[in-house]
Amino acid sequence: MTAATIDGKAFAQGLRERVAAAVPAFVAATGRAPGLAVVLVGEDPASQVYVRSKGKSTLEAGMASFEHRLPAETGEDELLAVVARLNADPAVDGILVQLPLPAQIDEAAVIAAIDPDKDVDGFHVINAGRLATGAPGFVPCTPLGCLMLLKDALGDLSGLEAVVVGRSNIVGKPMAQLLLAESCTVTVAHSRTRDLPAVVRRADIVVAAVGRPEMIRGDWLKPGAAVIDVGINRVPGSEPGKTRLVGDVAFAEAAAVAGHVTPVPGGVGPMTIACLLRNTLVAAHRRERLDAPAGL
Ligand code: NDP
């Protein structure tokens, strides 16, 4: 068997186009564009790339982008004051504080300070609670993107065995909640799981969010399984001094056994920003008490 490769890049592009297509009606109804504020503290190179790319994508979707770049030595109170200003700013529908934050700042305190209805990253405990109890809120962008890819590939997920490897608050746990809400039978595996290959082998759906290069092997998979690889790992390339990106799944081995598999790069990665734009558009509609556009 050769698995179908799930093209996350193409799906993400389609989602971004659907978001952009819904913006003019929002502008016509409210007289303003949906707005996303991104706050970056410090000069972490990877974070700078993400923030630039988020700003560019926001503008491309026809939305307003507000960037706040603060020096690495910014204190927690100063950052909390910025968050409070953004909470109160009517032009801002979504607030994203780029993580990780410098050591002197308590990440949990900052996330807790964001208005849950502007928390388009879905990291606030209120939104985690809403997801766990089935109330409308905001779902973290990466697992939301994974769910969209799965539903697009498989249709109805009801009754399927799903194994999520990883239990972080930003990927594994919300992913498990989303799959449970789709009526999957969900197992969450982690570093203490016994006989992980046997657990993974039960799964019709495998979501790998571990951060270990190519840990999940082809012979761990049930034939025909759908495999979503969240991992982004930089490893030495074939030429000296060069690196390449790999996921948490050994792609070529998985492709020989699975029914569907996401590549790295070009699978889950592009979905994250597309879902951020989607969440911002939804936040804007909710704040203006408008029905969110269908099909997002
Ligand atoms: P974390 O480091 O927060 O969590 C990793 C999880 O994997 C933990 O729950 C850990 O278990 C589990 N784990 C570690 N080692 C093993 C093992 N040997 N066997 C089974 N489970 C193990 O990572 P994140 O959730 O933040 O990210 C996971 C991966 O996804 C990373 O590669 C990251 O770069 C990528 N990522 C990609 C995104 C995107 O595509 N846009 C967005 C976010 C993340 P325990 O809890 O027991 O320690």
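See the structure printed just above.
The numbering scheme is per chain: residues are counted from 1 as the chain's sequence reads. Only residues with pLDDT of at least 70 are given local features in this predicted model, and only at 80 or more are side-chain atom pairs given and counted; all residues enter the totals for whole chains, interfaces and linings. Excluding hydrogens and water, the side-chain figures rest on all heavy atoms present in the structure.

1. Structural notes on the overall build of the protein
Only runs of H or I of at least four residues qualify as helices and only runs of E of at least two qualify as strands under DSSP, and these elements are numbered from the N terminus. Helices and strands together make up the secondary structure of the protein, namely ten helices and eleven strands. Each principal axis of the C-alpha atoms in the protein carries an extent, and together these give about 55 × 45 × 35 Å. Exposure is judged per residue with a 1.4 Å probe applied to protein chains only, and the accessible area is read against the type maximum: over 50% gives exposed, under 20% gives buried, and values in between give partly exposed. By residue count, 47% of the 296 residues in the protein fall in the buried class. Charged residues are defined here as Lys and Arg on the positive side and Asp and Glu on the negative side; His and the ends of the chain fall outside this count. In plain terms, the charge of a residue is placed at NZ if it is Lys, CZ if Arg, CG if Asp and CD if Glu. Averaged over its 28 positive side-chain charges, the protein has a centre that lies 3 Å from the centre of its 32 negative ones.

2. Remarks on the packing of helix α1 (residues 8-30) against helix α10 (residues 269-287)
Closest axis-to-axis distance for the α1/α10 pair is 8 Å, and the angle between their directions is 20°. It follows from the interaxial angle that α1 and α10 lie roughly parallel. Where α1 crosses over α10, the two elements pack in a sense that is left-handed. Contacts from G8, K9, F11, A12, L15, R16, V19, A22, V23 and F26 in α1 reach P270, M271, I273, A274, C275, L277, R278, L281, A284 and H285 in α10. Under the grouping applied here, Gly and all other residues not named as nonpolar or charged are polar, the nonpolar ones being Ala, Val, Leu, Ile, Met, Phe, Trp, Tyr, Cys and Pro and the charged ones Asp, Glu, Lys and Arg. Of the residues in the contact of α1 with α10, the class split is 15 nonpolar, two polar and three charged. Orientation is described by lines fitted to C-alpha atoms, with helices fitted over the stretch in contact, and by angles between N-to-C directions that extend from 0 to 180 degrees. Each angle receives one of four descriptions, namely roughly parallel if under 35 degrees, roughly antiparallel if over 145, roughly perpendicular if within 65 to 115, and oblique otherwise. For any helix crossing, the convention is left-handed if the near helix is rotated counterclockwise from the far helix by under a right angle, and right-handed if that rotation is clockwise. By the convention used here, residues are in contact when the closest approach between their heavy atoms is within 4.5 Å.

3. A look at the environment of P293
Checked against the element boundaries, P293 lands in the segment after α10. The partly exposed category is assigned to P293, whose relative accessible area is 25%. For P293 and L281, which are twelve residues apart along the polypeptide, the C-alpha to C-alpha distance reads 8.8 Å. If we skip the residues at most four places from it in the chain, P293 touches A22, L281 and H285.

4. Comments concerning α1
Its 23 residues place the ends of α1 32 Å apart at the C-alpha level, agreeing with the 33 Å of an ideal helix rising 1.5 Å per residue. Listed in full, the buried residues belonging to α1 are G8, F11, A12, G14, L15, V19, A22, V23 and F26. Of the surrounding elements, those touching the buried residues of α1 are α6 (141-154) and α10. Near the N-terminus of α1, the side chain that reaches the backbone nitrogen of K9, with its oxygen 3.2 Å away, is that of D7. With its phi angle positive at about 80°, G31 sits one or two positions after the end of α1. Expected span, for any helix, means 1.5 Å times one less than how many residues it has. Side-chain atoms alone can form a polar contact between residues adjacent in sequence; in general such a contact is a pair of N or O atoms within 3.5 Å, and within protein one must be able to donate a hydrogen while the other accepts it.

5. Quick word on the packing of α6 against helix α7 (residues 172-181)
Contact geometry for α6 and α7: axes closest at 9 Å, N-to-C directions at 35°. Between α6 and α7 lies a crossing of right-handed hand. For the pair α6 and α7, contact is made by P143, L144, C146, L147 and L150 and by P174, M175, L178 and L179, respectively. Of the residues contributing to the contact of α6 with α7, the split by class is nine nonpolar, no polar and no charged.

6. A few points about the site of the ligand
Any residue with at least one heavy atom within 4 Å of a molecule or strand is counted as near it. Residues in close proximity to the ligand total 22 residues, the closest being R167, S168, S191, R212 and T272. Separating an oxygen atom of the ligand from a side-chain N or O atom of R167 is a distance of 2.7 Å. Contacts to the ligand include V230, whose backbone N or O atom sits 3.4 Å from an oxygen atom. Each accessible area is a Shrake-Rupley result for a 1.4 Å probe, and residues are judged covered by the shown protein chains and nothing else. Protein coverage of the free-state accessible area of the ligand, which is 930 Å², stands at 70%. Along the lines of polarity and charge, the residues of the shell around the ligand split into ten nonpolar, ten polar and two charged.

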